[in-house]
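Coordinate analysis (summary)
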Amino acid sequence: MRNINNQLDELEAIIDSSGAGTWKWNIQTGETYFNEMWAAIVGYTLDELAPISIATWQRLSHPDDLENSAAQLEQHFSGNAPTYRCDARMRHKNGNWVWVRDTGRVISWSSDGKPEWMVGMHFDITAEKQAEFQARATERKLQRIIDSSPTTIFVWNLDSDELHLYGERVELLHDADDIISNASYWWQNSIHPTDRETMLPKLQEWIRSCSEEPLSRRYRIRGTNGQYYWLKERMRAIIDNGRITQAIGSIINVTDEHKLELELEQKQITLERAQEIGQLGYWTSRIGFDDLFWSNKIYDILGLEPNSVKPSVEAFRNFVHPDDRELFDSNLAAAEATGDYNIEHRIVRADGQLRWVHERASFCKINNEDYIVGTMRDITQSKEYQAQLEELSETDELTRLYNRRYFMSQAKLAYYHLERFDHPSTLVLIDIDHFKKVNDEYGHDVGDLVLQSIANYLKQSLRPSDVVARLGGEEFVLLLHQTELHPSLPRLETLLKGISELEIKTKELLISVTATFGVTEIKRDDTDVSVALIRADQALYEGKRKGRNQVIVNLGKY
């Protein structure tokens, strides 16, 4: 018996160390048991989830995933699957969705052949799912780029000597087959004999040196129709254990460009310089002359048809946002002295759209004449994405209030204003009374609605200079800048009363809640933001102890 107990203890320790949540479910009665890790995966303790039943799993699970779970269970119950397995989303206590891998197996059957007791485990696979979604998005984006590009992308595995080709021009090289076996032999027999004498040693030296620098080559190769084509190739090495195991690169058919190379030398130099800078919309201007060239892409960025406007500095300046013209003029003037031009500014397109552009330019010589060559790139999307990231880093996802990070930065600023300018600040912790009961009785969706309603009420009731943030769960915090504590109390009592009078409506319910306020002021001798927060938290605790739905002040030491 002692050995069995020891084995059970060891088994329990193994399960705990794996981070797995365990469950046991009577399929016929609904009786259910979870371990603490099951609850912890979604941010709870078992006591917080009590009473436990199969409805606990159903309440926390995403509705769209429950149908799949039921289907997988039926497959197992019917004997079509040896075990049950389902990836599903569950609502975390903080309002986010977490992914879990739910696995299990029936361990007993009733006398009439029905599944009875079933046991299983939960594993948190949120990070795995996020990586999977990101990988799929990246793969789709890459495939779209490849499909829309005139470039053939290749991956050369040096160990197996297989060449994998991707893109619409594959048939130029190998009968529309995207895998070439014995690639070295194929390449040496397809390349022009004259070019093989120079290109093969260059490739061998690059492989031998295990260089991290890209290899660029230009050579002729025999296509599937027997004709030779000029290719421009560029590849980078994948290095493992001190040797190149793979090479990844691109091939462009430059046969037509090569034929016109001498005739178009000046434009080719201009284009290459523009490609070095940005490989996007480009422009050139000959120093000392009034002629200016725009590529079609710049017309597109400005919302114009090609050649619809004669390019000039003044013509472009008319598209610059009025608030950015001074910046544009000063940078353009400085470029004439330094030879360097690098600026981000807004433009107003011909159709009225507001866009962000990034311009870069530098001087160069073409046929011994001085030119300035520049590029223009539309960066509106990246600017919007940057703004979204900044908002997300400071904003609570559920309530759209500021989050703890932003509040802490503002609290530090309040300390600085107190010390430097003697500006007082009042700090208020707000906790919704009996919020767990709301979640338990009506569900987390209703709880989320309560949080959002109170957040909107606080945001609308405060001054623009005040800060209202969600610290987490049902706890909010107010930072009243340049506000002394006692004069602010009537205002806080009004806020408290307003929360209790809120009518939070759902399709079937009309809910009202109360809150408790813990109030303190930021003091000069506070060593850290946490000191004031502890005082406010103590006041909050006292208010709950005294019956909730009241404002309690704490100015003492914690």
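Counting restarts for each chain, with residues numbered from 1 along the sequence as it is written. In keeping with the predicted nature of the model, local features appear solely for residues at pLDDT of at least 70, side-chain atom pairs appear and are counted solely at 80 or more, and the whole-chain, interface and lining totals rest on all residues. As a convention, hydrogens and water are excluded, and side-chain values are obtained from all of the structure's heavy atoms.

With that settled, consider the overall build of the protein chain. Along the protein chain, the regular secondary structure elements total 20 helices and 23 strands. Exposure categories follow from relative accessible area, calculated using a 1.4 Å probe and restricted to protein chains: below 20% of the type maximum is buried, above 50% is exposed, and the middle band is partly exposed. Looking at the protein chain as a whole, 40% of its 558 residues qualify as buried. For the protein chain, restricting intrachain contacts to residue pairs at least 6 apart in sequence, the fraction spanning at least 24 positions comes to 51%. As displayed, the protein chain offers around 31900 Å² of accessible surface, 49% of which is attributable to carbon and sulfur atoms. Elements are defined by DSSP. Helices are runs of H or I of four residues or more, strands are runs of E of two residues or more, and each kind is numbered from the N terminus. For this analysis, residues touch if any pair of their heavy atoms sits within 4.5 Å. In this description, accessible areas are obtained by the Shrake-Rupley approach with a 1.4 Å probe, and a residue is regarded as covered only by the protein chains that are shown.

On to the nonpolar core. Residues belong to a common nonpolar core when they are buried Ala, Val, Leu, Ile, Met, Phe, Trp, Tyr or Cys residues joined through side-chain atoms within 4.5 Å. In terms of nonpolar packing, the biggest core is built from 31 residues, with Leu458, Phe476, Leu478 and Phe517 touching the most fellow members. When residues of this core are traced back to their parent elements, those giving at least two are β17 (425-432), α17 (435-442), α18 (444-461), β19 (475-481), α19 (485-501) and β22 (515-521). Here Leu478 is in contact with Thr426, Leu427, Val428, Ile430, Leu458, Leu462, Val467, Val468, Leu492 and Leu495, once residues within four sequence places are set aside.

Side chains of Leu413, Tyr416 and Phe421 sit close together on the surface and give an oily, nonpolar patch of about 280 Å² of accessible area. Mapped onto the fold, Tyr416 is located in helix α16 (residues 404-421). Surface patches are drawn from residues lacking salt bridges whose relative accessible area is over 30%; two like charges belong together within 9 Å, two nonpolar side chains (Val, Leu, Ile, Met, Phe, Trp, Tyr) within 5 Å. Any carboxyl oxygen of Asp or Glu that lies within 4 Å of a side-chain nitrogen of Lys or Arg is treated as forming a salt bridge with it.

What follows covers the pattern of salt bridges. When their charged atoms lie close together, side chains carrying opposite charge are able to pair. Applying the stated rule across the entire model yields 31 salt bridges. Glu48 is the salt-bridge partner of Lys93, the closest N and O atoms lying 2.8 Å from each other. With Lys93 in the loop between β3 (84-91) and β4 (97-106) and Glu48 in helix α3 (residues 46-49), this pair connects stretches of sequence that are 45 residues apart. Accessibility expressed as a relative area gives 37% for Lys93, which makes it partly exposed. The exposure class of Glu48 is partly exposed, given its relative accessible area of 21%. When the shortest N-O distance is used, the salt bridge between Lys383 and Glu344 registers 3.0 Å. In this pair, Lys383 is assigned in helix α15 (residues 380-394) and Glu344 in strand β14 (residues 340-348), connecting sequence segments 39 residues apart. With relative accessibility at 24%, the residue Lys383 sits in the partly exposed group. Judged by its relative accessible area of 36%, Glu344 is partly exposed.

If DSSP finds at least two bridges between two strands, the strands pair. Pairing is antiparallel in the open sheet, where five strands are placed in the order β2-β1-β5-β4-β3. One side of each edge strand has no neighbouring strand; the edge strands of this open sheet are β2 (32-34) and β3. Geometrically, the sheet is characterised by an average inter-axis angle of 25 degrees between neighbouring strands, direction not taken into account. As defined by bridge partners, strand β1 (residues 21-26) adjoins strand β5 (residues 117-124) across six bridges and the pair is classed as antiparallel. In the sheet register, Trp23 faces β5, and the bridge partner there is Gly120. Angles here are taken between N-to-C directions and fall from 0 to 180 degrees, while the axes themselves are lines fitted to C-alpha atoms, restricted in helices to the stretch in contact.

What follows concerns the sheet that holds strand β10 (residues 228-240). Strand order in this open sheet of six strands is β8-β7-β6-β11-β10-β9, and the pairing throughout is antiparallel. What marks the edges here is a single partner per strand, and that holds for β8 (179-180) and β9 (215-222). As judged from the 10 bridges shared by β10 and strand β11 (residues 243-253), these two strands associate in the antiparallel manner. Its bridge partner lying in β11, Lys232 is registered against Ile252. Across the face of the sheet, helix α8 (residues 183-190) comes into contact with β6 (152-157), β7 (162-166), β8, β9 and β10 while running at roughly 65 degrees to β9. Most of the contacts of helix α9 (residues 193-209) go to β9, to which it runs at about 145 degrees, and overall it touches β6, β9, β10 and β11.

Attention now goes to the packing of α16 against helix α20 (residues 529-545). In the contact formed by α16 and α20, the axes pass within 10 Å of each other and the chain directions differ by 105 degrees. By the angle between their axes, α16 is roughly perpendicular relative to α20. Each of Phe407, Met408, Ala411, Lys412 and Tyr415 in α16 lies in contact with α20, whose residues at this interface are Val529, Ala532 and Leu533. Classification used: nonpolar for Ala, Val, Leu, Ile, Met, Phe, Trp, Tyr, Cys and Pro, charged for Asp, Glu, Lys and Arg, polar for all others including Gly. By residue class, the composition of the contact of α16 with α20 is seven nonpolar, no polar and one charged. The labels follow the angle: roughly parallel below 35 degrees, roughly antiparallel above 145, roughly perpendicular from 65 to 115, and oblique for the rest.

With that settled, consider α18. In this model, α18 (18 residues) spans 26 Å end to end at C-alpha, consistent with the 26 Å of a helix rising 1.5 Å per residue. Taken together, the buried positions of α18 are occupied by His444, Val446, Gly447, Asp448, Val450, Leu451, Ile454, Ala455, Tyr457 and Leu458. Expected helix span is given by 1.5 Å per residue-to-residue step, counting one fewer step than there are residues.

Take the environment of Pro306 next. Tracing the chain through its elements places Pro306 in the loop between α12 (296-301) and α13 (313-317). Overall, Pro306 belongs to the partly exposed group, its relative accessible area being 42%. Between the C-alpha atoms of Pro306 and Asn296, which are 10 residues apart in sequence, the distance is 5.7 Å. With near-sequence residues (within four places) excluded, Pro306 lies in contact with Asn296 and Tyr299.

Of the two faces of β7, the one holding Leu163 and Leu165 is buried and the one holding Glu162, His164 and Tyr166 is not buried anywhere. In the sheet, β6 pairs with β7 via five bridges, with the strands oriented antiparallel. Counted as the bridge partner of Val155 is His164 from β7. If you look at the hairpin formed by β6 and β7, you'll find four residues sitting between the two strands, and Asp161 has a positive phi there, around 55 degrees. Direction of pairing for β7 relative to β8: antiparallel, over a ladder of two bridges. Considered in β8, the bridge of His164 is made with Ile179.

All of the buried residues in α8 are Ala183, Trp186, Trp187 and Ser190. On an axial view of α8, the arc spanned by its buried residues comes to 95 degrees, and they lie on one face. It is the directions from the helix axis to the C-beta atoms that the arc portrays.

When the centres of two rings from Phe, Tyr and Trp lie within 6.5 Å, Trp using its six-membered ring, the rings pair. Their planes under 30 degrees apart give stacked, over 60 give edge-to-face, and anything left gives tilted. Applying the stated criterion across every chain, the model contains nine aromatic pairs. Geometrically, the ring pair formed by Trp99 and Phe133 is edge-to-face, given 6.0 Å between the ring centres and 65 degrees between the ring planes. Placement of Trp99 in strand β4 and of Phe133 in helix α6 (residues 126-148) is noted, with a sequence separation of 34 residues between them. Its relative accessible area of 14% is what places Trp99 among the buried residues. Take Phe133: its relative accessible area is 38%, and that puts it in the partly exposed class. Between Trp294 and Tyr299, the aromatic rings sit 5.4 Å apart at their centres with planes inclined by 70 degrees, giving edge-to-face as the arrangement. Tyr299 shares its class with Trp294; the two are buried.

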